[in-house]
Amino acid sequence: MNIGIIQPYSNGFLEVVPESDYWQITAIHINGQAYCPTPRLYRSEKVALAKATQIYDWLVDNEGEISGGSCYCSELKLILWQQSKVS
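Within each chain, residues carry numbers counting from 1 in the order of the written sequence. Note on the predicted model: pLDDT of at least 70 is required for a residue's local features to be given, and 80 or more for side-chain atom pairs to be given and counted; whole-chain, interface and lining totals, by contrast, use all residues. Heavy atoms from the whole structure form the basis of all side-chain values; hydrogens and water molecules are not counted.

**Description of unusual backbone geometry**
Point 1. Of note, S10 is a non-glycine position whose phi angle comes to about 50 degrees, a positive value.
Point 2. Counting from the N terminus, the helices are DSSP H or I runs at least four residues long and the strands are E runs at least two residues long. Looking at the secondary structure, you find S10 in the loop between strand 1 (5–9) and strand 2 (12–19).
Point 3. Phi at N31 is positive, roughly 50 degrees, even though this residue is not glycine.

**Brief notes about helix 1 (residues 45–61)**
Point 1. A rise of 1.5 Å per residue sets the reference length of helix 1, with its 17 residues, at 24 Å; its end C-alpha atoms lie 24 Å apart and thus fit the reference within 8%.
Point 2. Buried within helix 1 are the following residues: A48, L49, K51, A52, I55, Y56, W58 and L59. What a helix should span is 1.5 Å times the count of its residues minus one. Relative accessibility decides the category of a residue: with a 1.4 Å probe and only protein chains considered, values under 20% of the type maximum give buried, values over 50% give exposed, and everything between is partly exposed.

**Considerations on the nonpolar core**
Point 1. We define the nonpolar core as a collection of buried residues of types Ala, Val, Leu, Ile, Met, Phe, Trp, Tyr and Cys that are connected through side-chain atoms lying within 4.5 Å of one another. By size, the foremost hydrophobic cluster in this structure holds 22 residues, and its most contacted members are V16, I25, I28, I55, W58, L59 and L80.
Point 2. Sorting the residues of this core by element identifies strand 2, strand 3 (22–30), helix 1, strand 6 (70–73) and strand 7 (78–83) as the ones contributing at least two each.
Point 3. No other element matches helix 1, which puts seven residues into this core.
Point 4. By definition in these notes, contact holds between two residues if any of their heavy atoms fall within 4.5 Å. If we ignore the near neighbours within four places in the chain, the residues touching I55 are I25, I28, P37, L76, L78 and L80.

**Quick look at the side chain of Q24**
Point 1. Its location among the elements puts Q24 in strand 3.
Point 2. A relative accessible area of 18% means that Q24 is categorised as buried.
Point 3. Residues in contact with Q24, not counting those within four places in the same chain, are E15, V16, V17, E19, P39, R40 and L41.

Structure, rendered in structure tokens:
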């Protein structure tokens, strides 16, 4: 049973999980913050991780875009929201 992948990337990490025969990006972690993309299924772990790296890079380049906890990324055609920290 595969419970998912946590892949280090740059100054954070990427989190993907299997969903039946597909993979889903659950979160992109940057500097202690977690960002979640629109739920979408990818055909392989490799494809999901590649998309997660694109999202990570977009977040780093556009850090001011997420206001009020969410934003629409027209370049990647998805919604991103910042996950609240649990104390």
